[in-house]
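# Chains, contacts and geometry: an overview
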Amino acid sequence: MRLLKRTALAGLVFCALAGCGGVSTSSTQDTVAPDAQCEAVADASCQGTDLEGANFSGKDLSGIDFRRAHLVGANFSKANLTQANFYGADVSGANFADAILVRATFDGAKLTGADVQNTRITGASFKNADLVDAQFGGAFATDANFSGATGNDELTGAFLCKTTKPNGEVAGGSC
């Protein structure tokens, strides 16, 4: 019985080292090129991908899933991000200028230094997001929720209509 257990264990170790059964032990699978990890199109899943500096300018990315993705410095200018999910994503320094953020989710996301100027923010959620140095000049926010967000308590430069500010106060209730 002991010989059988040793033989089975040796076989498992051999398979682990040799890659039996299609299982790869190579670390190269962790270094897949960013564009091979997801196809950034509408309704795609790009969860947890590293797409730092990617250019999505003018693209229709409605419904895309960028949860916990690394999108530092990415360009989303003039993109359609309707119902896009950026939950917990790092979009520090990203450019969202003139983008459509209808029912998009940025809960817990890091938008440090992001350019969100002249965007249409309708029904979007930025709960507990990091908005330090984020620029909202000319943005139009309607029915959006920024409760618990930090770093830009007044959403300076944005036009707010029925929007919950970081402190919980609803701004623009009669617009």
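Structural data are supplied above this passage.
First, a word on scope: everything that follows refers to the structure included in this document.

Reading guide: rules and limits
- Residues numbered from 1 in each chain as written.
- Predicted model: local features only at pLDDT ≥ 70, side-chain atom pairs only at ≥ 80, totals over all residues.
- Heavy atoms only, no water.
- Helix = DSSP H or I, 4+ residues; strand = E, 2+ residues; numbered from the N terminus.
- Buried < 20%, exposed > 50% of the residue type's maximum accessible area, 1.4 Å probe, protein only.
- Contact = heavy atoms within 4.5 Å.
- Areas by Shrake-Rupley, 256 points an atom, 1.4 Å probe, with all protein chains shown as cover.
- Disulfide = S-S within 2.5 Å.
- Salt bridge = Lys/Arg side-chain N within 4 Å of Asp/Glu carboxyl O.
- Pairing = 2+ DSSP bridges.
- Axes fitted to C-alpha atoms, helices over the stretch in contact; angles between N-to-C directions.

## Some words on the overall build of the protein chain
When helices and strands are counted, the protein chain shows 2 helices and 6 strands. In the protein chain, the succession of helices and strands from N to C terminus is α-α-β-β-β-β-β-β. Scored against the burial criterion, the 175 residues of the protein chain give a buried share of 36%. Contacts in the protein chain between residues at least 24 apart in sequence constitute 1% of all its contacts with a sequence separation of at least 6. Summed over its atoms, the accessible surface of the protein chain is roughly 9100 Å², and 51% of this surface lies on carbon and sulfur atoms.

## Considering the state of the cysteines
If you walk through the whole model with that rule in mind, you get 1 disulfide. Residue Cys161 pairs covalently with Cys175 via a disulfide, S to S 1.9 Å. Disulfide Cys161-Cys175: the torsion about the S-S bond is 110°, which places it as right-handed. Separated by 14 residues along the polypeptide, Cys161 in strand E4 (residues 159-161) and Cys175 in the segment after strand E6 (170-171) bring together distant segments of the chain.

## What to know about the pattern of salt bridges
Summed over the entire model, instances satisfying the criterion amount to 3 salt bridges. Salt-bridge contacts for Asp65 lead to Arg67; the nearest nitrogen and oxygen are separated by 2.6 Å. Take Arg67: its relative accessible area is 27%, and that puts it in the partly exposed class. Through salt bridges with shared partners, a single ionic network connects Glu154, Lys165 and Glu169.

## Describing the sheet that holds E4
With parallel pairing, the 4 strands of this open sheet are ordered in space as E1-E2-E3-E4. Across the chains shown, the open sheet's two edge strands, defined by having one partner strand only, are strand E1 (100-102) and E4. Strand-to-strand twist across the sheet, computed as the mean angle between neighbouring axes with direction ignored, equals 10°. The sheet contact formed by E1 and strand E2 (residues 120-122) spans 3 bridges and is parallel. Along E2, the bridge assignment pairs Leu101 with Ile121.

## Points about the environment of Gly73
One can find Gly73 in the loop between helix H2 (34-37) and E1. With a relative accessible area of 39%, Gly73 lands in the partly exposed category. As a C-alpha pair, Gly73 and Ser92 span 19 residues in sequence and 6.3 Å in three-dimensional space.

## Structural notes on the side chain of Thr164
With respect to the helices, strands and loops of the structure, Thr164 is situated in strand E5 (residues 163-164). When near neighbours in sequence (up to four residues on either side) are disregarded, Thr164 contacts Ala144, Asn145, Phe146, Ser147, Glu169 and Val170.

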